[in-house]
Amino acid sequence: MAHQVQLFINGEFVPSKSERFIPVTDPATQDVIAQVPCTTAEEMAFAIASAKEAFKSWKEVPVSERARLMMRFAHLLKEHQAEIADIICRELGKTVEDAKGDVWRGIEVVEQAANIPSLMMGETVENVARSIDTYSYIQPLGVCAGITPFNFPAMIPLWMFPMAIACGNTFILKPSEQDPMTVNKIAELFALAGAPAGVLQVVHGNKEQVDVLLRHPDIKAISFVGSVNVGQYIYKTGTDHLKRVQAFAGAKNHMVIMPDANKQQVINALVGASVGAAGQRCMAISVAVFVGDSQQWIPEVAAAIAKVRPGVYTDPEAAYGPQISPQAKARILSLIEQGKVEGATCLVDGSDVKVAGYPNGNWVGPTVFSDVTPDMTIYKEEIFGPVLATVNAASLDEAIELVNNSPYGNGTSIFTASGAAARKYQHEIEVGQVGINIPIPVPLPFFSFTGWKGSFYGDQHAYGKQAVRFYTETKTITARWFDDSIPVSGPNMSINL
Ligand code: NAD
């Protein structure tokens, strides 16, 4: 049997006793490179119990020591960035540079988690009444859990557990079964940095294991990133079991191109943002909205995208890698066919792309459609592949209306030379992350990742100050200390202090 991915429970890597395994395949060849276990019910129970036990002592560890753990962890992640990226390349097929970026964006969150002392500062007001002060502390919740998708196997787990653990919680992570080895390496480094046993646990599997986390009374909060249907299920089930839930879901991101924009900047931005990372990014630009005369640039955009070639990560010329699975590829190809049937013009068709030497890879070539309308399936569905739909709008108002009618609200961008147009767009658009002449506006970790509408269920978002609020409770204390200057009064029968 191929390498068996281990569980990380109570500070140790252990083989699962499960009899059920899911193959992890190299998406460029279909070779089985590992088997990931479906964690048994007993192992799940032990992981949760040891996280609960670890919480008792971890919450008492001084905040500055928790910060130092994050500093050491960030340092180790930097030292091992190339090694982690290599695991990502093997199990997900990303190009080396893209895989390194996946790790780097996670490291930045760990650096932010190292700032936890100032992020945990509460509020105080002196003399809320005579000789009475009110002040607040924030305290950790207990055991929190994270469920992560395949497309950023380093960054997204690192969005979650460093902030949760820095706040004083313990954490159970269930990474994607499609690329589970990256998280095991990250957990190994976290232990090496000095994390006490039980503070982070890694369990593997899919729906069955997630269902245990969603229902277990000792799990206080759930962070999820993944597809829309699963995100809705997680949010509904988790809150039904009275847990705090943040669920980041799918997207359909529009880039609006004004006629006064710089044409070459637009073309460069669209090439990278639409088909880069094989379109497997929740912030990928999947719809380009050409306003007025800018639609004359569509043939040049298509020509630039047509030049992009997928390939294996060992090929430095490869612009992006394969799709994660044959099922993902089949779904994308069927959506491309549907686009043609429903009347869109396929300017660049990547359905038949071949990569020399890798006949079994999940390759999809770059694909561009024009004449797309909002009623078409390729406009409505998140394709999660290297497919760009272009639509036309007569004015900025029409473009804004189109974007605001989308059920999603993860990211958007506008390319323009006009401050007035950009200001109007940022103000009126109903999307949580807006780029102005920036195609993929993912905020750095001192802000939060603030998707809206159907791209997010919950209220407090990932990383930044919002993550601290998500992973903590506020305790507000109102205090009076008697001394001889305060006269002893009788019982107070009113609600006054
Ligand atoms: P997915 O929803 O299939 O899986 C995500 C996680 O949920 C995995 O750990 C998986 O094991 C688990 N899961 C799958 N089915 C489940 C079920 N029925 N019940 C309980 N758990 C289940 O997502 P994916 O294909 O791995 O990732 C791609 C999706 O993630 C895309 O839709 C993308 O837009 C989205 N995504 C969103 C963001 C964001 O920040 N909004 C970021 C990255 C990815």
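Thresholds applied
- Residues numbered from 1 in each chain as written.
- Predicted model: local features only at pLDDT ≥ 70, side-chain atom pairs only at ≥ 80, totals over all residues.
- Heavy atoms only, no water.
- UniProt positions renumbered as here; feature names shortened; annotations may be inferred.
- Helix = DSSP H or I, 4+ residues; strand = E, 2+ residues; numbered from the N terminus.
- Rg over C-alpha atoms; globule rule 2.2 N^0.38 Å.
- Buried < 20%, exposed > 50% of the residue type's maximum accessible area, 1.4 Å probe, protein only.
- Contact = heavy atoms within 4.5 Å.
- Lys, Arg positive; Asp, Glu negative; His and termini not counted.
- Charge placed at Lys NZ, Arg CZ, Asp CG, Glu CD.
- Near = heavy atom within 4 Å.
- Polar contact = N/O pair within 3.5 Å; in protein donor to acceptor, adjacent residues only side chain to side chain.
- Areas by Shrake-Rupley, 256 points an atom, 1.4 Å probe, with all protein chains shown as cover.
- Nonpolar A, V, L, I, M, F, W, Y, C, P; charged D, E, K, R; others polar.
- Domains from an automatic or database assignment.
- Salt bridge = Lys/Arg side-chain N within 4 Å of Asp/Glu carboxyl O.
- Pairing = 2+ DSSP bridges.
- Phe/Tyr/Trp six-rings, centres within 6.5 Å; stacked < 30°, edge-to-face > 60°.

An unreviewed UniProt entry lists the protein chain under the name methylmalonate-semialdehyde dehydrogenase (CoA acylating), with Rheinheimera tangshanensis given as the organism. UniProt annotates the protein chain under Sequence similarities (unreviewed entry) with the comment "Belongs to the aldehyde dehydrogenase family."

A. Local environment of the overall build of the protein chain. Of the regular secondary structure elements, the protein chain holds 16 helices and 22 strands. A compact globule built from 497 residues should have a C-alpha radius of gyration of about 23 Å, and the protein chain, at 25 Å, falls within 12% of that. Seen along its three principal axes, the alpha-carbon backbone of the protein chain occupies a region of about 85 × 60 × 40 Å. The buried share of the protein chain, reckoned over its 497 residues, is 56%. Considering only contacts in the protein chain between residues 6 or more positions apart, those separated by 24 or more positions represent 73%. Separation between the mean location of the 39 positive side-chain charges and that of the 50 negative ones in the protein chain comes to 3 Å.

B. Local environment of the site of the ligand. Around the ligand, a shell composed of 29 residues is seen, among which K174, E177, S227, A249 and E382 lie nearest. A distance of 3.1 Å is found between an oxygen atom of the ligand and a backbone nitrogen or oxygen belonging to F150. E177 is positioned such that a nitrogen or oxygen atom in its side chain is 2.6 Å from an oxygen atom of the ligand. Against a free-state accessible area of 850 Å², the protein chains account for coverage of 87% of the ligand. Secondary-structure elements contributing two or more residues to the shell around the ligand are helix 6 (155-166), helix 8 (207-215), strand 10 (219-225) and helix 9 (228-240). Per-class residue counts for the shell around the ligand are 16 nonpolar, 9 polar and 4 charged. Of the residues that make up the shell around the ligand, three or more belong to each of domain 1 (3-249 + 463-477) and domain 2 (253-436).

C. Here's a closer look at the UniProt feature "domain: Aldehyde dehydrogenase" (unreviewed entry) in the protein chain. Residues annotated in UniProt with the feature "domain: Aldehyde dehydrogenase" (unreviewed entry) correspond here to residues 13-477. Along residues 13-477, the helical share is 40% and the strand share 21%, with 42 Å between the first and last C-alpha atoms.

D. Region of the structure containing the pattern of salt bridges. All told, the structure shown has 21 salt bridges when counted by the stated rule. Among the charged side chains, a salt-bridge network with shared partners connects E83, K185 and E188.

E. Fine view of the side chain of T416. Relative to the helices and strands, T416 resides in the loop between strand 18 (412-415) and helix 15 (419-428). Its relative accessible area of 7% is what places T416 among the buried residues. Among the polar contacts listed, one links the side chain of T416 to the backbone nitrogen of S418, at a separation of 3.0 Å. If we ignore the near neighbours within four places in the chain, the residues touching T416 are M258, D260, A261, A421, A422 and N437.

F. How the structure looks around the pairing of strand 6 (residues 132-140). Side chains I132, T134, S136, I138 and P140 project from strand 6 onto a buried face, and the interleaved D133, Y135, Y137 and Q139 project onto a face without burial. Here strand 5 (residues 124-129) pairs with strand 6 via 3 bridges, running antiparallel. Directly across from V125, in strand 6, lies its bridge partner T134. Connecting strand 5 to the antiparallel partner strand 6 that follows it, the hairpin turn spans 2 residues, and S131 within it adopts a positive phi of roughly 65°. Pairing analysis gives 9 bridges linking strand 6 to strand 22 (residues 472-480), with the strands arranged antiparallel. The partner of S136 across the bridge, within strand 22, is T476.

G. Focus on the packing of aromatic side chains. Counting across every chain of the model gives 17 aromatic pairs. Centre to centre, the rings of F171 and Y471 are 6.5 Å apart; their planes meet at 80°, and the pair counts as edge-to-face. Here Y471 lies in the loop between helix 16 (464-470) and strand 22 and F171 lies in strand 8 (residues 170-174), a separation of 300 residues in the sequence. On the accessibility criterion, Y471 (1% relative accessible area) is buried. The rings of F73, F161, F171, F190, F470 and Y471 are connected pair by pair, giving a single aromatic cluster.

H. The environment of N410, seen in detail. Relative to the helices and strands, N410 resides in the loop between strand 17 (408-409) and strand 18. Given the relative accessible area of 2%, N410 is considered buried. When the C-alpha atoms of N410 and M283 are compared, they prove to be 6.8 Å apart, with 127 residues separating the residues in sequence. In this structure, N410 is in contact with A251, N253, C282, M283, V431, G432, Q433, F449, G451, W452 and S455, ignoring residues within four places of it in sequence. Looking at N410, its side chain comes within polar contact range of the main-chain oxygen of C282, at 3.2 Å.

I. Local environment of unusual backbone geometry. For F384, which is not glycine, the phi dihedral falls at a positive 55°. Here F384 is to be found in the loop between helix 13 (377-380) and strand 16 (387-393).

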